[in-house]
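# A structural walkthrough
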Amino acid sequence: MQPPYFEYHNPVKILCGENALDRLPSELRQLAASRPMLLTDAVLQKLGLSNTLLDIMDAEGCPPACTFTDIPVDSSLSVVNRIAALYREKNCDSLLALGGGSVIDTAKGVHLVLSGNTDDILSLSGMENIPRGRHIPFIVVPTTAGTGSECTGVAVIRNEEQAVKMEFLSPFVAPDAAVLDPRMTLRLPPRATAATGMDALCHAIEACSCLQKNPLSDAHATASMRLVAQHLLPAVENGADATHRLCMALAATLAGIAFSNSMVGAVHAIGHALGGVCHLPHADVMAVLLPHVMRFNLPRAEHHYAELLPFLVGWEKAADTPKDERARAAIRCVENLTARLHELCGLPVRLRDMLVREGDFPRVAQTAINDGALIVNPASVSAAQVEQILHQAY
Amino acid sequence: MRRTLQKIYLSAVLRLVHAAICELQSLDKAAEGELLGLPVGLRYAICTGHGAPALFVEWDGAGLRRLREEPAQKCCRVRIKTMADAFILFTGRMSLAHLYARHGLVVAGEIADVMRLARLVNLAECYLFPAFITRRILPELPRLQASPLRLYARVFFGFLTNRY
Ligand SMILES: [Zn+2]
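Residues numbered from 1 in each chain as written. Chains lettered and ligands numbered in written order. Predicted model: local features only at pLDDT ≥ 70, side-chain atom pairs only at ≥ 80, totals over all residues. Heavy atoms only, no water.

### Here we look at the overall build of chain B
Formally: Helix and strand definitions here come from DSSP, where helices need a minimum of 4 consecutive H or I residues and strands a minimum of 2 consecutive E residues; each element is numbered from the N-terminal end. In this setup the radius of gyration rests on C-alpha atoms only. A globule is expected at 2.2 Å times the number of residues raised to 0.38. The cut-offs for exposure are 20% and 50% of the maximum accessible area for each residue type, with area from a 1.4 Å probe on protein chains only; residues under the lower value are buried, those over the upper are exposed, and the others partly exposed. The contact rule is simple, with two residues in contact once any of their heavy atoms fall within 4.5 Å. With residues, only the protein chains shown are counted as cover, and all accessible areas are computed by Shrake-Rupley using a 1.4 Å probe. Charge convention: Lys and Arg are scored as positive, Asp and Glu as negative, and His as well as the terminal groups of each chain are ignored. Taken as the charge location is NZ of Lys, CZ of Arg, CG of Asp or CD of Glu.
A tally of regular secondary structure across chain B gives seven helices and five strands. Going residue by residue from the N terminus, the α and β elements of chain B occur as α-α-β-β-β-β-α-α-β-α-α-α. Taking 15 Å as the expected radius of gyration for a compact globule of 164 residues, we find that chain B reaches 15 Å, a close match to that expectation. Looking at chain B as a whole, 54% of its 164 residues are labelled buried. Contacts in chain B between residues at least 24 apart in sequence constitute 65% of all its contacts with a sequence separation of at least 6. Surface accessibility of chain B: about 7,900 Å² in total, with carbon and sulfur atoms responsible for 58%. Counting 23 positive and 13 negative side-chain charges, chain B places the averaged centre of each group 6 Å from the other.

### Considering the packing of aromatic side chains
All names here are of chain A. Stated formally: Here a Phe, Tyr or Trp ring, Trp counted by its six-membered ring, pairs with any other such ring whose centre lies within 6.5 Å, and the pair is stacked when the planes are under 30 degrees apart, edge-to-face when over 60, and tilted otherwise.
For the structure on display, the rule yields six aromatic pairs over all chains. With 5.8 Å between their ring centres and 80° between their planes, F361 and Y394 make a pair best called edge-to-face. Here F361, found in helix α13 (residues 361–368), pairs with Y394, found in the segment after α14 (383–393); they are 33 residues apart in sequence, far enough to count as distant. For the pair F361 and Y394, a shared accessibility class is recorded, and that class is buried.

### As for the side chain of R158 of chain A
Residue and element names in this part refer to chain A. Put simply, the rule is: Polar contacts, as used here, are pairs of N or O atoms within 3.5 Å; protein pairs need one atom able to donate a hydrogen and one able to accept it. Residues neighboring in sequence count only if both atoms are side-chain atoms.
Examined against the element boundaries, R158 turns out to sit in strand β7 (residues 154–159). Under the relative-accessibility criterion, R158 is labelled buried at 10%. There is a polar contact of 2.8 Å between the side chain of R158 and the backbone oxygen of G276. Those residues in contact with R158 that lie beyond four places of it in its chain are D74, S75, S76, L77, A163, V164, K165, G275, G276 and H279.

### Some thoughts on the coordination of the zinc ion
Residue and element names in this part refer to chain A. Heads up, the rule is: Water is absent from the atoms considered, so a metal site may look incomplete; donors are defined as N, O and S atoms within 2.8 Å of the metal, or 3.2 Å for Na, K and Ca.
Here the zinc ion is held by D199 (OD), H203 (NE2), H268 (NE2) and H282 (NE2), and the distances to it run 2.1 to 2.2 Å. All donors to the zinc ion come from one chain, and their sequence spacing reads D-x3-H-x64-H-x13-H. Placement of the pair is H203 in helix α6 (residues 190–209) and H282 in helix α10 (residues 282–313), with a sequence separation of 79 residues. Overall, the relative accessible area of 2% leaves H203 in the buried class. Overall, H282 belongs to the partly exposed group, its relative accessible area being 22%.

### Remarks on the pattern of salt bridges
All names here are of chain A. Rules: Basic side-chain nitrogens of Lys or Arg form a salt bridge, by our definition, when they fall within 4 Å of a carboxyl oxygen of Asp or Glu.
The final tally for this structure, using the stated rule, is 23 salt bridges over all chains. Between R82 and D70 there is a salt bridge, and its shortest N-O distance comes to 3.9 Å. Taken together, the residues span a long stretch of sequence, with R82 in helix α4 (residues 77–89) and D70 in the loop between β3 (66–68) and α4 at a distance of twelve residues. For D70, a relative accessible area of 52% gives the class exposed.

### Some thoughts on the interface of chain A and chain B
Formally: Here the quantity called buried area is the accessible surface, traced with a 1.4 Å probe, that two parts lose on coming together, added over both. For this classification, Asp, Glu, Lys and Arg are treated as charged, while Ala, Val, Leu, Ile, Met, Phe, Trp, Tyr, Cys and Pro are nonpolar and the rest, including Gly, are polar. For two strands to be treated as a pair, DSSP must find at least two bridges joining them.
In this assembly, 27 residues from chain A lie in contact with 21 residues from chain B. Summing both partners gives a buried area of about 2,300 Å² for chain A against chain B, and 56% of it is carried by carbon and sulfur. Its largest share of buried area at the contact with chain B, chain A owes to M127, N370 and I375 of chain A, together 29% of the area lost on that side. Taken together, chain A and chain B are joined by one salt bridge. As a salt-bridge pair, K81 of chain B and E128 of chain A come within 2.6 Å of each other at their nearest N and O atoms. Joining chain A to chain B, the criterion identifies nine residue pairs in polar contact (both at pLDDT 80 or more). Elements represented by at least two residues in the side of chain A that touches chain B include exactly β5 (126–127) and β8 (164–169) of chain A. For the side of chain A that touches chain B, the element with the highest residue contribution is β8 of chain A, accounting for three residues. Residues belonging to the side of chain A that touches chain B are distributed by class as follows: 13 nonpolar, nine polar and five charged. The sheet contact formed by β5 of chain A and strand β5 (residues 105–108) of chain B spans two bridges and is antiparallel. Bridging across to β5 of chain B, G126 of chain A finds its partner in A108 of chain B.

### A closer look at the environment of M198 of chain A
Residues and elements named next belong to chain A. Mapped onto the secondary structure, M198 falls in helix α6. For the pair formed by M198 and C151, sequence separation is 47 residues and the distance between their alpha carbons is 18 Å. Setting aside residues no more than four positions away along its own chain, M198 makes contact with L232, A287, L290, V334, L337, T338, L341 and L347.

### Looking at the domain arrangement of chain A
All names here are of chain A. The cut-off we apply is this: Throughout the structure description, domain borders are defined by an automatic or database domain assignment.
According to the domain assignment, chain A contains domain 1 (13–184) and domain 2 (190–393). Distance between the C-alpha centres of domain 1 and domain 2: 25 Å. Facing 23 residues of domain 1, the contacting portion of domain 2 comprises 28 residues. Summing both partners gives a buried area of about 1,900 Å² for domain 1 against domain 2, and 65% of it is carried by carbon and sulfur. A per-residue breakdown of the area domain 1 buries against domain 2 is headed by A145, K165 and E167, which together make up 25% of the total. Taken together, the connections running from domain 1 to domain 2 amount to zero salt bridges. Elements represented by at least two residues in the side of domain 1 that touches domain 2 include exactly β1 (13–16), β7 and β8. Per-element tally for the side of domain 1 that touches domain 2: the top contributor is β8, with four residues. Looking at the side of domain 1 that touches domain 2, its residues break down into eleven nonpolar, seven polar and five charged.

### Re empty space enclosed by the protein
All names here are of chain B. Our working definition: Put simply, the grid is 1 Å and covers the protein atoms alone, a cavity is a trapped set of points that fit a 1.4 Å probe, a pocket is an open set with protein on both sides within 12 Å along at least five of seven lines, and lining residues have an atom within 4 Å of a point. Grid points are joined across faces, edges and corners, and a volume is the space filled by probe spheres set on the points.
Enumeration over the complete set of coordinates arrives at three cavities of 30 Å³ or more. The space that makes up the largest cavity amounts to roughly 170 Å³. Lining of the largest cavity is provided by 17 residues; of these, V17, I46, L55, L117 and V121 occupy positions nearest its centre. Counting only elements with at least two residues in the lining of the largest cavity, the list comes to α1 (2–27), β1 (43–47), β2 (54–59), β4 (75–80), α3 (83–90) and α5 (111–128).

This is the structure we're talking about:
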């Protein structure tokens, strides 16, 4: 059913396919940029991925004016402010982010600070309140297939002081272009491939079931789900296959566009809280929580989940499933996928596998109910109910 | 004329919601818990559209004090984009969550503070509006810990004695 009112926004040009990365210098030129600052992390440098990009940029005569590789896995507001100061000091004119969710979200934070002409990203917190600032050319190259951050209007950054993950929501936080090149994910280990793929699936499922869902976000989310259903297991089993890698990269981007226009829900609210309080990796937590939250939401979201079944198991199997069984079948499909990934590469299926203490749950619950993602969850969730979900997932 | 009437209604209902939340502090444990969980000194500005009524309050650790003017700083500002949306929201025809889902709000400040406010407004609405209205807009209704009539009586006594 069409909502009475919705908005859709996706300003990101997507360069997707074989050797897409080779076109990045030309894209930079089109954006009138000549002194890019490259943001990446030490692991990618070690893996040689940043060298692949640097070689291309050197060959095209546009090497970065400055490279920052000191981005931690769990980036923070102070890292963002520090990078923005360095950008100004080195007189850069554009941003280039090569990495996973943390690098991209950090870069989006830096982009916000620079375009908003401020020194402190905290001054920009809010929702739809940041006017379009100065244009800073900004290109993103994801090296995982999961966050979809390359196409979303949100930056999630850790506030160390409050031990929470903060969301900065603005349509102007998204980059100008995203480059999806299978070379960038070929060496992603099976365990990380599985976890990030489940994060993408979680984005797609939450996008399809939350209060802000709309026909355009549904179109992207269901396309993403179909790709995940077909390519996640093969990508984990055979990581060197460029087709599976590219399909997963595209699935993540599609899910990113979807949830950027419809939001996520309780899985992410609780996941952000677990990340903020217990420092658990986002994608792992998503994989563990997704089926539990789907069961919790079932009474309110049954018709939405039922509609997802064909995209998860194919039309024939879905048609063979009785109508009132389809929502539960969709949840079982997610559980089976997680279980299979657990067998293949050790993806955690319970919170206890992740060294989290049950004693932290009350604090996690209190943090989760103040997360913006909870407001559009199909069912209302109290702190006590968050604790209940956490115990079920433990 | 319609806009003027809507302005009068919104002005009254904002005062009513504020007074209800203040009274719920001693009538409802959930409301009390929410209020006591607010950071001391937190200010809210709730604006219902351009040139339309607004409510400015500050949590001083003991009560939600009404401010005469819009706070200049350290404030969570929630602006409803159009007065028509504000009217729909405060006549119990749409929840804050649905308005958020329709991109009806602009927020300056921390999202966490908006979530705290949303829970308080939802709770106040459950007392102020009959259940057949709130059941339509909220996925779940909280168990009311006092009679709505008692709340109304206390709110009107508060208005009579110039407390609000
Ligand atoms: Zn996610």
